[in-house]
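One-letter residues, chain by chain:
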Amino acid sequence: MSALQSVAGKGHATGREIYDVVVVGAGFAGMYMLHKLRGLGLSVRVYEQGGDVGGTWYWNRYPGARCDVESMQYSYSFSDELQQEWDWSERYAPQPEILKYANHVADRFKLRSDIQLDTRVDRAVFDESANSWQVAISDGNTVTAKHVVLATGCLSNARMPDIKGLADFVGKVYHTGHWPHERIDFTGQRVGVIGTGSSAIQSVPIIAEEASHLTVFQRTANFSIPARNAALSAEERRSWRADYPEIQRKAREETRNGIFTEMPDRGALDDGDNERRAKYEQRWTRGGLTFMSVYNNLALDKAANDTAADFVRHKIAEIVKDPHTAKLLQPNNHPIGSKRICIDSDYFATFNRPNVTLVDIKSNPIEAILPNAVRAGDKDYEVDALVLATGFDAMTGSVAKIDIRGRNGQTINQKWAEGPKTYLGLMSAGFPNLFIITGPGSPSVLSNMIVSIEQHVDWIADCLAWMRDRDLVTMEAKKDAEDSWVAHVNEVAHTTLYPQANSWYMGANIPGKPQIFMPYIGGVAIYRQTCNDVAAKGYEGFTMSVAERPQKLAAS
Ligand code: NAP
């Protein structure tokens, strides 16, 4: 019997369970990981903090929440039956429909029996003598696992801003990333929204329709492209499905961001003004994230980028009637796309409504929240409810919340004190048998998350099967491989315009967080090839050890 097969345990934790794998999180990553590992015959326990599956789509229930990747591409590809049977209703699925899809997947693949909901993983400690993890969970139990997979999500740790007086506000305070389950009716209320990222840009038009007055507090203007959301016809769904295998192969193997679209073969400055404007106009009319892939150098060349940024600024000026408000809404401190580009439905036009005010808190920062108002620039803006659309402690936040201790008792927070250090975004040296799905150092948030999740899950599952076949009990990133990868991630990032923005990609939205470009920007196709090559070379850059023999064997 293999080392992995020799440990088995099922059912609810009683304090004595031993699992092959503990998975943290039952979002899209955790659910697929469970499905794959079950296919290998491993015993798996998934712990999920939320009251149901769905991860980010369980928590982000704010008005207007929907995906910015088209539904037909924001779907699992691992099951052809699933793809053929699920009908997305709109080009960009709204949050309730994505959550329904997640629930459908949990039921269809009978995942629920191995998922323990309402359970937080508080601590994971590597036991060097037993080559296993002791995982302490919020129901008071501690379980043992040979491997731990963090499927904790990149944007899961909602960030409350540190604003004086917030605790004394007498009205209701909502965070977009932690929205209540019941519908919130803002009818007749004066509402304040703080923040103007993707979450605010989606929710502002909807809240404006209900509120008696909406005040939007903007620190940084953001670029946003119209979604042009619409119902999907049966014919559109049919034509996607007919070509699914080829579309998905191309998305996986040929693109940077895991989204199938035309591949640009020209730079923005290769076209004359009229031709360029016509191409931008065509993409603006089509809507969506592919606006940024009209040319191949918008993320690389500032002069090229300026042409796209100017186009969008011009559009904002056309849409927004009040010139002062239009000027404030025009982003001017970062290249377009260097912060996650937003996708909206009538965001800019909402500022033409008589019941909507934009307040520039860059020039006049918020001084305090009063019991019934927000004070900025010596002026009090009275509000009955506050919506904090202030984002997340991205990529590392949900890992940092768990007390993870690897070799010699080192915590992951100590290891990552100057920024996350991983090999391929998958493992961190000193933390054997601990995998991260879409971790820092992988394309993750720069890609269609489903594509990146599936790639990581498949790679991890293949790796565990490979270890089992060879009676290997531990796997760990080598420090030199990790150092080279971290340097490579950083080097590639600095060939682009991305580091020029104070973005959450850089950790810049969290005071005191090290400013390192966290995701890998080389693209999903190159990255997949790199991971496959590493595996083909016997997991080059990783150290493995065999069962019941303490000395390490270099697998490479
Ligand atoms: P975000 O992009 O980080 O935006 C947060 C906003 O809050 C920014 O405008 C920020 O201003 C502001 N802010 C933060 N702290 C503040 C403070 N103390 N005082 C005043 N303003 C403050 O967060 P998000 O909108 O939740 O989006 C995060 C990411 O989630 C997106 O980039 C996207 O990847 C994902 N997302 C996707 C979708 C979708 O699929 N459609 C929807 C929502 C979110 P500064 O910019 O000046 O820091």
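Right above here is the structure, for reference.
The model shown is predicted, which means the values in this text are computed figures rather than measured ones.

**Description of the overall build of the protein chain**
Here comes step 1: Along the backbone of the protein chain there are 16 helices and 21 strands.
Here comes step 2: For 556 residues, the compact-globule formula gives about 24 Å, and the C-alpha radius of gyration of the protein chain, at 24 Å, lands near that figure.
Here comes step 3: Projected onto its principal axes, the C-alpha positions of the protein chain cover 75 × 55 × 45 Å.
Here comes step 4: Within the protein chain, the fraction of its 556 residues that count as buried is 60%.
Here comes step 5: Sequence-distant contacts in the protein chain: of pairs separated by 6 or more residues, those separated by 24 or more amount to 71%.
Here comes step 6: Roughly 22400 Å² of accessible area belongs to the protein chain as shown, and the carbon and sulfur atoms make up 48% of that amount.
Here comes step 7: Computed over 60 positive and 67 negative side-chain charges, the inter-centroid distance for the protein chain is 1 Å.

**So, the environment of Cys67**
Here comes step 1: Inspection of the secondary structure puts Cys67 in the loop between α2 (56-59) and α3 (80-85).
Here comes step 2: With a relative accessible area of 4%, Cys67 lands in the buried category.

**Considerations on the site of the ligand**
Here comes step 1: Residues in close proximity to the ligand total 24 residues, the closest being Arg66, Thr196, Ser199, Gln202 and Thr220.
Here comes step 2: At a separation of 3.3 Å, a nitrogen atom of the ligand approaches a polar side-chain atom of Arg159.
Here comes step 3: Trp504 has a polar side-chain atom sitting 2.9 Å from an oxygen atom of the ligand.
Here comes step 4: Look at the ligand: alone it shows 910 Å² of surface, and the protein chains cover 88% of it.
Here comes step 5: With three residues, the single largest contributor to the shell around the ligand is helix α5 (residues 198-210).

**Here we look at the packing of aromatic side chains**
Here comes step 1: Evaluation of the coordinates by the stated rule reveals 37 aromatic pairs.
Here comes step 2: Where Trp86 meets Trp88, the ring centres are 5.6 Å apart and the plane angle is 70°; that geometry is what we call edge-to-face. Take Trp86 and Trp88: they sit in the same class, and that class is buried.
Here comes step 3: For the ring pair Tyr280 and Phe311, a centre distance of 5.5 Å and an interplane angle of 40° mean the geometry is tilted. Here the residue Tyr280 occupies a position in helix α8 (residues 273-286), and Phe311 occupies one in helix α9 (residues 302-319), the gap between them amounting to 31 residues.
Here comes step 4: Exposure remark for Tyr280: the relative accessible area of 2% places this residue in the buried category.
Here comes step 5: When the ring centre of Tyr58 is taken as origin, the NZ or CZ atom of Arg61, which lies over that ring, is 4.8 Å away.
Here comes step 6: A cation over a ring is seen here: Arg108 above Phe109, with NZ or CZ 5.1 Å from the ring centre.

**A short note on the pattern of salt bridges**
Here comes step 1: Per the counting criterion, the structure on display carries 38 salt bridges.
Here comes step 2: Here Glu246 ties to Lys250 by a salt bridge, and the two come within 3.9 Å at their closest N and O atoms. With Glu246 and Lys250 both in helix α7 (residues 244-253) and four residues apart, this pair spans about one turn of that helix.
Here comes step 3: Judged by its relative accessible area of 35%, Glu246 is partly exposed.
Here comes step 4: Note on Lys250: relative accessible area 29%, which makes it partly exposed.
Here comes step 5: Salt bridges sharing partners connect three or more residues here, namely Glu246, Arg249, Lys250, Glu253 and Glu254.

**A look at the nonpolar core**
Here comes step 1: Within the largest apolar cluster, 136 residues are counted, with the highest numbers of intra-cluster contacts made by Phe291, Trp459, Met475 and Phe542.
Here comes step 2: Sorting elements by how many residues they give to this core places helix α14 (residues 449-469) first, with eleven residues.
Here comes step 3: Among the nonpolar cores identified, the runner-up in size contains 22 residues, and Ala145, Val148, Leu150 and Trp416 belong to it.

**Brief notes about the sheet that holds strand β13 (residues 366-370)**
Here comes step 1: One open sheet accounts for three strands, arranged β13-β14-β15; its pairing is antiparallel. With one partner strand each, in any of the chains shown, β13 and β15 (379-382) form the two edges of the open sheet. For this sheet, the mean inter-axis angle between neighbouring strands, taken without regard to orientation, is 20°.

**Here's the deal with the side chain of His175**
Here comes step 1: Mapped onto the secondary structure, His175 falls in strand β7 (residues 172-175).
Here comes step 2: In this structure the side chain of His175 is engaged in a polar contact, spanning 3.3 Å, whose partner is the side chain of Thr390.
Here comes step 3: Ignoring any residue separated from it by four or fewer positions in sequence, one finds His175 in contact with Ala158, Arg159, Met160, Leu388, Thr390 and Gly391.

**Re the pairing of strand β16 (residues 385-388)**
On a regular strand, one side chain projects to one face of the sheet and the next to the other, so that they alternate.
Here comes step 1: Alternating residues of β16 divide into Ala385 and Val387 and Leu386 and Leu388, and every residue in both groups is buried.
Here comes step 2: Bridging between β7 and β16 involves four bridges; their strand directions are parallel. Residue pairing for β16: Tyr174 is matched across the bridge by Val387.
Here comes step 3: The pairing of strand β8 (residues 190-194) with β16 spans four bridges and is classified as parallel. When the sheet's bridge partners are listed, Gly192 is paired in β16 with Leu386.

**Here's the deal with the sheet that holds β16**
Here comes step 1: Here five strands make up an open sheet; going across it, the order is β7-β16-β8-β9-β12 and the pairing parallel. At either margin of the open sheet sits one strand with a lone partner, and together these are β7 and β12 (356-360). Direction aside, the axes of adjacent strands within the sheet are offset by 20° on average.

**Considering helix α6 (residues 234-242)**
Here comes step 1: When α6 is considered as a whole, its buried residues turn out to be Arg237, Trp240 and Arg241. Take α6 and look down its axis: the buried residues cluster within an arc of 95°, on one side only.
Here comes step 2: Buried residues belonging to α6 abut α3 and α7.

**Some words on the packing of α8 against α9**
In a packed pair of helices, the relevant descriptors are the angle between the two axes and the axis-to-axis distance.
Here comes step 1: The geometry of α8 relative to α9 is characterised by a closest axis approach of 11 Å and an angle of 60° between their N-to-C directions. As judged from the angle between their axes, α8 and α9 are oblique. Pair α8 / α9 crosses with right-handed handedness. Residue-level contacts link Arg276, Arg277, Tyr280, Glu281 and Trp284 of α8 to Ala304, Thr307, Ala308, Phe311, Val312, Lys315 and Ile319 of α9.
Here comes step 2: A per-class count over the contact of α8 with α9 returns seven nonpolar, one polar and four charged.

**Regarding the side chain of Lys415**
Here comes step 1: For Lys415, the position within the fold is in helix α13 (residues 412-415).
Here comes step 2: Lys415 gets classed as buried once you look at its relative accessible area, which sits at 11%.
Here comes step 3: Among the polar contacts made by the side chain of Lys415, one reaches the main-chain carbonyl oxygen of Ala429 at a distance of 2.9 Å.
Here comes step 4: The residues contacting Lys415, other than those within four sequence positions of it, are Gln410, Lys421, Ser428, Ala429, Phe431 and Glu482.

Rules behind the numbers
- Residues numbered from 1 in each chain as written.
- Predicted model: local features only at pLDDT ≥ 70, side-chain atom pairs only at ≥ 80, totals over all residues.
- Heavy atoms only, no water.
- Helix = DSSP H or I, 4+ residues; strand = E, 2+ residues; numbered from the N terminus.
- Rg over C-alpha atoms; globule rule 2.2 N^0.38 Å.
- Buried < 20%, exposed > 50% of the residue type's maximum accessible area, 1.4 Å probe, protein only.
- Contact = heavy atoms within 4.5 Å.
- Areas by Shrake-Rupley, 256 points an atom, 1.4 Å probe, with all protein chains shown as cover.
- Lys, Arg positive; Asp, Glu negative; His and termini not counted.
- Charge placed at Lys NZ, Arg CZ, Asp CG, Glu CD.
- Near = heavy atom within 4 Å.
- Polar contact = N/O pair within 3.5 Å; in protein donor to acceptor, adjacent residues only side chain to side chain.
- Phe/Tyr/Trp six-rings, centres within 6.5 Å; stacked < 30°, edge-to-face > 60°.
- Lys NZ or Arg CZ within 6 Å of the ring centre and 35° of its normal.
- Salt bridge = Lys/Arg side-chain N within 4 Å of Asp/Glu carboxyl O.
- Core = buried A, V, L, I, M, F, W, Y, C linked by side-chain atoms within 4.5 Å.
- Pairing = 2+ DSSP bridges.
- Axes fitted to C-alpha atoms, helices over the stretch in contact; angles between N-to-C directions.
- Arc of directions from axis to C-beta.
- Parallel < 35°, antiparallel > 145°, perpendicular 65-115°, else oblique.
- Left-handed = near helix turned anticlockwise from the far one by under 90°.
- Nonpolar A, V, L, I, M, F, W, Y, C, P; charged D, E, K, R; others polar.

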